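Listed below are the residues making up each chain.
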Amino acid sequence: MKTKIISVIAYIILAPIIGGLLDGIDRKISARMQRRVGPPLLQPFYDLGKLFNKQVIVVRSSQSFLLLCYLIFMIITGAMLYAGVDLLMCMFVLSTAAMFLYFAACVTSSPYSTIGASRELIQIMAYEPAVLLTCVGFYLVSGSFEVSDIAFGKFSDIIYLPGVFLAYIFILTIKMRKSPFDISTSHHPNQEIVKGITSEMGARNLAFFTLTEWYENVFLLSVLALFITNRSPVSFLAAVIVILVVYFLEILIDNCSARIKYFDMVKLAWAVTVVLAGSNIWILMLVKQNIVN
Amino acid sequence: MLVMPEIPFLICFPFLTALLLFFTKNDKLKALISYLGAILVICAAGILWFDWLKGGYEPIFLYQNTEIVDHIIFVAEIVIMVLITFLCFKYKKRIICLLSIIPTIIIAFAEQININPTEKLEHIYIDRLAMLMCTIISLVGSLIIIYAVGYMSGYHMHHKEVKDRSNYFLALLFVFMGSMFGFVLSSSLIWLYFFWECTSVCSFLLIGYTRSEEAVTNSFRALWMNLLGGTALAIGIFYFAFFERTLSFRSFIALGALGDVYAILPVALMAFAALTKSAQLPFSTWLLGAMVAPTPSSALLHSATMVKAGIYVLLRLSPAMSGNITGMMISLVGGFTFFVASFMAVAQSDAKRVLAMSTVSNLGLMVACAGVGRPETVWAGAFLMIFHAVSKSLLFLDVGATENSIHSRDIEDMHGILFFLPLLAMFMFIGIAGMFLAPFGMLISKWAALRAAVDEKNIILLMFIVFGSATTSLYWSKWMGKIISHPHAPAEFKDITRPNEFVSLVLHAVMMIALCVLFPFVSKVFVDPMLVEMFGMSGQVLSQGVLYILVVIICFVFTIPLLSIFYSHKIQTNRKLSYMGGINEGDNCFFTDSMGEPKRLWLSNYYFANKIGIRKIMMPCQFVSAGILLGMFCIILGAIL
């Protein structure tokens, strides 16, 4: 109980720091890939501080409260994960959080924001099956949906779930809104959807959004870590390395691909989900009667 | 011997009220009778609960000697047959009357079969499942009737072309309710068949209420599909009675669960009949066509009665379908329907059509759960049924009220109704949230279904659930976004919802939220013992602890937005125009077009109608599901011959 409370508090405090650092690394590496020097590593924090101190300009004032809800529900999601409760429940609360982001974008009735919001829904539809199947995969391997049981198994879950792992990495790109799946938002405002879902967010509201994104990234990468971790402490080190490698991979993909059409994204994501995750889980169901890891 | 007068009262009283209403022309009197009737039905259901609690939740058997009633029912069956035949001839759909004449003859023969004299046939049987159904029917059904009184007078003010027969309409709603009570309480197969036909005919008459050409076509489509199910049921009953010499529904299920050779085909036929009634593919089209009728009838068909009758039968049959080929057939068809109907719902912009497709889709999930036939899946199925009944009824009634106010039921026209019809929008929001959002009932039941599918190692059902729920959340969230967006233009609509409609909506919303909060309690006290009754073992999928956590999250969902509103009011904000690439016209409603003229900004959702619309994929899906059914029936026939 005590360790659970400590890990939840640690998550709430450390997640934005780690998320911000990852963002800084992302910018630095991206810049180097584009032969730029890039901003300092701590630039995301400077940006965030600046955003919090700016005058709040909004199209609709209700946006602030919706974004705040988005932030709080995202924190709850992560806290639930680190409290070791049911993984599926975490994912469901995560989807509620995502709904608030959607509301925050479309409440404005601004053209670019609304189109970004609609596309965000399609992104959710594209990645949701793989997320659920990931939870199912963990359940089949460890016999429980509880995060605490999944994280401390005898072996690393990835041994049984290579397909699910790959599918999860695939949808991670969609979830992080990185190219080629930056459908609902774009990296630069001078593109056809401007900034998509974040078009009308500024100052404190954008700060809330950025902060939530950091929390979300840490949450998603923590779920990735569940594939690797087992009882031995070494596996946690391995998990950190895997996370960094995957994160680098995401940056690489982001920098060398262009945005694709949303319909292609759904088709691709679902195909990957069915082929990799679906067949993996099917085989698991057929072969192993009772795996209790 | 127990008598329990409230049971014949529950079944007969709605019929009598209907008769009274049928001859009442006065508007005030009509309303009074309807209110009284609805309230008395709820009271009778309450007394039934009380009596049943007094008996310690034990199953109760009643009415062994019912010779006179049997004769009355036989006569009534003949009357129904004559009525259908007459209407079929009147509207030149002569073939359809065969589907009524043949099963009536079959049932008449079935009644002549010498029943095993040692077995005493109880005609009424009360257990937890029956009580659950009674509660849903009495509460939701009565609320719909209360709503209908106000709605119908508004309806006839707007639709001058339709002849005002609202007394007939209300009477039909009562008949419907009475037949549903009869259906869920009777334990004699003959009675079951009779009430089954009653609901079919009622829905047929309700759909044809406006007597427009479209209504007549659709009502006959509903009729033949449901009568086809009824025919299958009649054949099943005859076959079973002929070989087993009993007409008891309970021994029917018990023998089915034991895998008795003579019960295999009847169980399959009854399950097939249930598929037609709950509008599963390939029979989904009748429920879509049912929307031509005034909204209260849609609400009744979709939530408390009709489609739930099919689900009720399947839940009852689930022990007899556990792990056999019938169960596989049912769960396959159900899962498939859940998946493709949610696709079709994405492509709809008419609110009632979205609701209809989502009903078909959600029923698919319930059917699949019942088909798997394990306590865990039935637990999920029962909760899906409870939550679906309440939130779907709320949504239908709300869309009806909205339609009266804005004269459209297109979701695109509901852009920003939160700002011009705040109360209706709020109820709509609650209803939709209840259908798919995280800690609310439907999603939890879906979660339970997912777990049960995994535990059963049923990969096909698992995939259907996983992909189907992704599309499900797409069409609901799309709609929610429309509700809260700022309006395109200052709207001049007035909320003309009548007080009685409003009362009904409020009660629905209260019921919805109460159910969500009392979820763990309902599961522990009622649904879990129900499974013990049916299967001899408990089947709660989600542990009680998880359910309590969910209740806490529900409280969060309500309090966090409130706190955030409180907080964000304190932030000093500066309102600016939205970004339109520098071509704003001074407000958020207009932009400058390429001719330099102001043009109204119009925002719309994605629908993909040309890719996944009903027209595009309904036919292929019907073929696929019909293929599944045919194939499975061949296997079943092959197994018993």
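Source: prediction; values computed, not measured.

Draft legend 1. Representation of the interface of chain B and chain A within the structure. Of the residues lining the interface, 47 residues belong to chain B; the matching set on chain A comes to 53 residues. Looking at the side of chain B that touches chain A, the elements that each hand over two or more residues are helix H19 (441–455), helix H20 (459–484), helix H23 (544–568) and strand E3 (573–575) of chain B. In terms of residue count, the dominant contributor to the side of chain B that touches chain A is H20 of chain B (13 residues). Residue composition of the side of chain B that touches chain A, grouped by class: 29 nonpolar, 14 polar and four charged. With three bridges connecting them, strand E1 (residues 56–58) of chain A and E3 of chain B associate as parallel partners. Among the inter-strand pairings, valine 58 of chain A is bridged to a residue of E3 of chain B, identified as arginine 575 of chain B.

Draft legend 2. Quick peek at helix H9 (residues 249–258) of chain B. For H9 of chain B, every residue scored as buried is listed here: Phe249, Phe252, Ile253, Leu255, Gly256 and Ala257 of chain B. Phi turns positive one or two residues past the end of H9 of chain B, at glycine 259 of chain B, with a value near 80°.

Draft legend 3. Structural detail: the environment of arginine 128 of chain B. Residues and elements named next belong to chain B. Considering the arrangement of structural elements, one finds arginine 128 in helix H5 (residues 128–158). A sequence separation of 390 residues divides arginine 128 from leucine 518, and the C-alpha atoms of the two residues are 18 Å apart. Apart from the residues lying within four places of it in its own chain, the contact partners of arginine 128 are Phe526, Pro529, Met530 and Glu533.

Draft legend 4. Up close: the environment of glycine 416 of chain B. Residues and elements named next belong to chain B. Among the secondary structure elements, glycine 416 is positioned in the loop between helix H16 (375–406) and helix H17 (417–420). Once the C-alpha coordinates of glycine 416 and tyrosine 239 are considered, the two residues, 177 residues apart in sequence, prove to be 57 Å apart. With sequence-adjacent residues up to four places away left out, glycine 416 is seen in contact with Ser485, His486, Pro487 and His488.

Draft legend 5. Representation of the confidence of the model for chain B in the model. The predicted model of chain B averages 87 in pLDDT, with 99% of residues at 70 or higher. For this predicted complex, the interface score ipTM comes out at 0.93, while the overall pTM is 0.92.

Draft legend 6. Summary view of the packing of helix H6 (residues 166–185) of chain B against helix H7 (residues 189–207) of chain B. Residue and element names in this part refer to chain B. Relative orientation of the contacting elements H6 and H7 amounts to 155°, with a least axis distance of 9 Å. Taken together, the axes of H6 and H7 lie roughly antiparallel to each other. In this structure, H6 crosses over H7, and the sense of that crossing is left-handed. Of H7, the residues touching H6 (which contributes Leu172, Val175, Phe176, Ser179, Met180, Gly182 and Phe183) are Trp191, Leu192, Phe195, Trp196, Cys198, Thr199, Cys202, Leu205 and Leu206.

The rules behind the values
Numbers given to residues run from 1 along each chain, matching the order in which its sequence is written. Each chain gets a letter, beginning with A, and each ligand a number, beginning with 1, in the order they are written. In keeping with the predicted nature of the model, local features appear solely for residues at pLDDT of at least 70, side-chain atom pairs appear and are counted solely at 80 or more, and the whole-chain, interface and lining totals rest on all residues. Once C-beta atoms have been placed from the backbone, residue pairs whose C-beta atoms lie within 7 Å are recorded as contacts. Where helices and strands are cited, they refer to DSSP runs of H or I of at least four residues and of E of at least two residues respectively, numbered from the N terminus. Under the grouping applied here, Gly and all other residues not named as nonpolar or charged are polar, the nonpolar ones being Ala, Val, Leu, Ile, Met, Phe, Trp, Tyr, Cys and Pro and the charged ones Asp, Glu, Lys and Arg. Any two strands with at least two DSSP-identified bridges between them are counted as paired. We call a residue exposed when 12 or fewer other C-beta atoms sit within 10 Å of its C-beta, buried when the count reaches 20 or more, and partly exposed for counts in between; the C-beta positions come from the backbone. As a per-residue quantity, pLDDT reports the predictor's confidence and falls between 0 and 100. Note on geometry: axes are C-alpha line fits, over the in-contact stretch for helices, and angles between N-to-C directions span 0 to 180 degrees. We call two directions roughly parallel when the angle between them is under 35 degrees, roughly antiparallel when it is over 145, roughly perpendicular when it lies between 65 and 115, and oblique otherwise. In this scheme the crossing of two helices becomes right-handed for a clockwise turn of the near helix relative to the far one and left-handed for an anticlockwise turn of less than a right angle.

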